[in-house]
Amino acid sequence: MNQDEREAPSRLYRVFPFLDWLKGYQLETFKDDSIAGITVAVVLIPQAMAYAMLAGMPAVYGLYAAAVTPFIAALWGSLRQLATGPIAIMSLLVLTTLSSMAEPGSQEFIELAFLLAMMVGVLYFLIGIFKMGIVMAFISHSAVKGFTAAAALIIISTQLPHFLGLTVQRHEYVFHTLLEIVKGLPTLHFLTTLIGVIAIVIIYGLKKFRPNFPGALVALILTTCAVFFLDLGESGIAIVGKSPSGLPTPLLPPMDFDTISALIGPAIVIAMVSFAETYSVGKAISSQTKQKVNVDQEFIGQGLANFIGSFFQCYPVSGSFSRTAINYAAGGKTGISSVVSSFAVVIALLFFTPLLTHIPKAALAALVISAVLTLFHPKEVFKLWKMNRHDGIVAISVFVLALATKPDYALLIGIMMSLMFFLWKTMHPRIVRISKDPEYNMFVNADEVNRPSCPQILQLRSDNTIFFANAEYTVDNIIKRMDEQTTPLKFLLLDFYAVGFIDITGIEELQNLHEEVKIRNLRLAFMGVHRPVQEVLISSGFMNEIEPDLFIEVRGEAITILFQQLDHDYCKNECPYALFYECPTVK
């Protein structure tokens, strides 16, 4: 077998990754996947309709997205239990992004949603193909937590008019919407509110007493039956209305250059937010199943789902935390469970769309509200404040800004704040004074535990890499440390165990430090220099400026070598400490 023949299966698996895990697929596994897929579909169908309404689109478009995207993402993604489809936060971002460009529910709005899905899909696909999944590292969890908590409140505010039967003017900012709702409370529709409350009670009641029972589906069925048999639609209760039956027909999204230019920014934000959730879901499930998360492959899977879905009247989708958890708990083993879910939605579209006509919008609003309340965890935001002030500032800022401005702007600001805090930390590394604690026989942070240093050896450690942004700060602080010493120093010993990288600016600053050390009649020594740093020191010529025996690998050896060259008369007559093993030999 030649090399091309050996590499052919590998290339095939890269193009069709599902062929790899379909090898040896057994009937028993299919049974487990079928049960899990149907279980997920029972939740997916009502959620997809509700989230489409949240996105400002007719409910049937949620079913289109639920029929097309789950199986594509499952077959081309890396996580076998990940359930893709409409989610609350993505739907909210679609609404807030497009409502300024077209009236929600209008044909123009719907077509823009398809275009947005295509753009998100292309962005995902390119990131995956060019293996740039590392970009996820720039989305801080603190920014996502603050955004998610605020998004939950914004979503609830968009659903309250449906829940209460109010007609309010749509606003771009949540506080204006809430003010309109408060003003309209005297005109709320009692029967609509009653339907919504009943749906909430059913959902939470079943969740408490029968956690694995599809409470949302039961609530929709019972409230729909009530509306239909009691003819409550004639009493003013808003219903979904007639939906076109059958599968979505292929449709090319509008390709207007100006529109695409206007949507590039929002598409990037939506892609970041949705994949942050997908990635979080994937990490949570992979920790249980021990699967390896291939971020780039997951980008490809989500990208294909959105891109292909956009040609079948789907708006942007992402991985769902709740449905993925249900899929895993129900025994789903492979992506076939998502294929079964998609097939179940297809059956619903082909044969059961007439039954969707009388679903009350208040019940769908109740479903959305009950789902997003699980996202609202203000305690986690304040917990971040206690754990790390910078993370707390980012989370709280994003939370407040998302409520006061557009949520996508708030998330971008939060990501920028996180990066600024990161840069600030790297630009201002700690310079720690190290000394030996003879009581515990170990080297410690002398500043932290208030321990003395050897009067003749100043041992300092930088807690970061040394590069152009922090090199001058690092050296200036080392010099300040030397200025603070009142004892007759002989050596400045730099502990480089935490320094994994140094650039040419760092080398130039070390040369300046070496000159300063020589002016003070001291000697510069290094300890624990890693191989990559050594290579830079050698190639720059700096290594030749330092005495060969003052480049030391091990901390214990460093003290032994330097101790031999100290002023032992000072050690015997004036030094009040006995920090090292060698000290008693000269006392």
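Everything that follows concerns the structure shown earlier in this document.
Residues numbered from 1 in each chain as written. Predicted model: local features only at pLDDT ≥ 70, side-chain atom pairs only at ≥ 80, totals over all residues. Heavy atoms only, no water.

Caption draft 1: Layout of the overall build of the protein chain. Along its length, the protein chain carries 24 helices and eight strands. Taking 25 Å as the expected radius of gyration for a compact globule of 587 residues, we find that the protein chain reaches 31 Å, considerably beyond that expectation. When the backbone C-alpha atoms are referred to their principal axes, the protein chain occupies close to 105 × 75 × 50 Å. Expressed as a percentage of its 587 residues, the buried residues of the protein chain come to 51%. In the protein chain, once contacts between residues fewer than 6 apart in sequence are set aside, the share between residues at least 24 apart is 80%. Of the roughly 27600 Å² of accessible surface on the protein chain, a fraction of 63% belongs to carbon and sulfur atoms. Side chains of the protein chain carry 41 positive and 47 negative charges; the gap between the two charge centres is 9 Å. (Helix = DSSP H or I, 4+ residues; strand = E, 2+ residues; numbered from the N terminus. Rg over C-alpha atoms; globule rule 2.2 N^0.38 Å. Buried < 20%, exposed > 50% of the residue type's maximum accessible area, 1.4 Å probe, protein only. Contact = heavy atoms within 4.5 Å. Areas by Shrake-Rupley, 256 points an atom, 1.4 Å probe, with all protein chains shown as cover. Lys, Arg positive; Asp, Glu negative; His and termini not counted. Charge placed at Lys NZ, Arg CZ, Asp CG, Glu CD.)

Caption draft 2: Broad picture of the packing of helix α20 (residues 471-484) against helix α21 (residues 504-519). Their axes nearest at 9 Å, the elements α20 and α21 cross at an angle of 20°. It follows from the interaxial angle that α20 and α21 lie roughly parallel. As for the relative orientation of α20 and α21, their crossing is right-handed in sense. For the pair formed by α20 and α21, the contact residues are Ala-471, Glu-472, Val-475, Ile-478, Ile-479 and Met-482 on the first element and Thr-505, Gly-506, Glu-509, Leu-510, Leu-513, Glu-516 and Val-517 on the second. Considered class by class, the residues forming the contact of α20 with α21 number eight nonpolar, two polar and three charged. (Axes fitted to C-alpha atoms, helices over the stretch in contact; angles between N-to-C directions. Parallel < 35°, antiparallel > 145°, perpendicular 65-115°, else oblique. Left-handed = near helix turned anticlockwise from the far one by under 90°. Nonpolar A, V, L, I, M, F, W, Y, C, P; charged D, E, K, R; others polar.)

Caption draft 3: Representation of the packing of aromatic side chains in the model. Considering all chains together, one arrives at 14 aromatic pairs under this definition. With a centroid separation of 5.3 Å and 90° between ring planes, the pair formed by Phe-496 and Phe-526 is classed as edge-to-face. Here the residue Phe-496 occupies a position in the loop between β6 (491-495) and α21, and Phe-526 occupies one in strand β7 (residues 523-527), the gap between them amounting to 30 residues. Here the two residues Phe-496 and Phe-526 agree in accessibility, since each one is buried. Ring centres of Phe-526 and Phe-542 lie 6.0 Å apart, and the angle between their planes is 90°; on these two criteria the pair is classed as edge-to-face. Here Phe-526 is found in strand β7, whereas its partner Phe-542 is found in the loop between α22 (531-540) and β8 (551-552), with 16 residues between them in sequence. Residue Phe-526 is classed as buried on the basis of its relative accessible area, which comes to 0%. An aromatic cluster of three or more residues is present, and its members are Phe-496, Phe-526, Phe-542 and Phe-551. Positioned above the aromatic ring of Tyr-581, the side-chain terminus of Lys-436 is 3.8 Å from the ring centre. (Phe/Tyr/Trp six-rings, centres within 6.5 Å; stacked < 30°, edge-to-face > 60°. Lys NZ or Arg CZ within 6 Å of the ring centre and 35° of its normal.)

Caption draft 4: Spotlight on the sheet that holds β6. On the basis of which strands lie adjacent, the open sheet formed by six strands has the order β4-β3-β5-β6-β7-β8 and mixed pairing. The open sheet terminates on both sides in strands that have one partner only, identified here as β4 (442-445) and β8. In this structure, strand β5 (residues 457-462) lies alongside β6, joined through five bridges in parallel fashion. Counted as the bridge partner of Gln-459 is Leu-493 from β6. (Pairing = 2+ DSSP bridges.)

Caption draft 5: A look at the packing of helix α7 (residues 141-164) against helix α18 (residues 407-427). Where α7 meets α18, the closest approach of the two axes is 9 Å, and the angle between their N-to-C directions is 165°. By the criterion of interaxial angle, the relationship of α7 to α18 is roughly antiparallel. As for the relative orientation of α7 and α18, their crossing is right-handed in sense. When α7 is examined against α18, the residues Ser-142, Ala-143, Val-144, Phe-147 and Ile-154 are found in contact with a partner set consisting of Pro-407, Asp-408, Leu-411, Gly-414, Ile-415 and Ser-418. Across the contact of α7 with α18, the residue classes tally to seven nonpolar, three polar and one charged.

Caption draft 6: Region of interest: the environment of Glu-103. Within the secondary structure layout, Glu-103 lies in the loop between α5 (88-98) and α6 (107-129). Put simply, Glu-103 and Phe-130 are 27 residues apart on the chain and 37 Å apart in space, counted from C-alpha to C-alpha.

Caption draft 7: Region of the structure containing the layout of surface pockets. Its boundaries defined by the atoms lining it, the largest pocket holds a volume of some 1400 Å³. What lines the largest pocket is a set of 45 residues, and nearest its centre among them are Phe-321, Ser-322, Ala-371, Thr-374 and Leu-375. Per-element accounting of the lining of the largest pocket gives the leading share, six residues, to α7. Class assignment of the residues belonging to the lining of the largest pocket gives a composition of 29 nonpolar, twelve polar and four charged. (1 Å grid on protein atoms, 1.4 Å probe; cavity = no way out; pocket = protein on both sides within 12 Å on 5 of 7 lines; lining within 4 Å. Points joined across faces, edges and corners; volume = space filled by probe spheres on them.)

Caption draft 8: Spotlight on the pairing of β7. Counting buried residues in β7 gives four out of five residues, a clear majority hidden from the surface. In this fold, the crossover linking β6 to β7 by way of α21 has right-handed handedness. Where β7 and β8 come together, two bridges link them in parallel fashion. Note on β8: the bridge partner recorded for Phe-526 is Phe-551. (Right-handed = clockwise from strand over helix to strand, strands pointing away.)

Caption draft 9: Quick peek at the pattern of salt bridges. Using the criterion set out here, one finds eleven salt bridges in the structure. Here Asp-32 and Lys-333 are joined by a salt bridge, their closest N and O atoms 3.6 Å apart. Remark: Lys-333 occurs in the loop between α13 (321-329) and α14 (336-351) and Asp-32 occurs in helix α3 (residues 27-54); sequence separation between them is 301 residues. With a relative accessible area of 25%, Asp-32 lands in the partly exposed category. Residue classification places Lys-333 among the partly exposed positions, given a relative accessible area of 41%. Note that Arg-520 is salt-bridged to Asp-483, the shortest N-O span being 2.5 Å. Within this pair, whereas Arg-520 is found in the loop between α21 and β7, its partner Asp-483 is found in helix α20, the two being separated by 37 residues in sequence. (Salt bridge = Lys/Arg side-chain N within 4 Å of Asp/Glu carboxyl O.)

Caption draft 10: Examining empty space enclosed by the protein more closely. This structure, assessed with the given rule, holds four cavities of 30 Å³ or more. A volume near 70 Å³ is recorded for the largest cavity. In this structure, the largest cavity is lined by Ile-431, Leu-460, Arg-461, Ser-462, Ile-466, Thr-474, Ile-478, Leu-494, Asp-495, Phe-496, Val-499 and Leu-510. At three residues, β5 tops the list of elements feeding residues into the lining of the largest cavity.

Caption draft 11: Expanded view of the pairing of β5. The buried fraction of β5 amounts to six of the six residues, a majority that puts the element mostly inside the structure. Of the two faces of β5, both are covered, the one formed by Ile-457, Gln-459 and Arg-461 as well as the one formed by Leu-458, Leu-460 and Ser-462. As paired elements, strand β3 (residues 431-437) and β5 share three bridges and run antiparallel to each other. Bridge pairing links Val-432 to Arg-461 in β5. Each parallel crossover has a hand, and for β5 linked through α20 to β6 it is right-handed.

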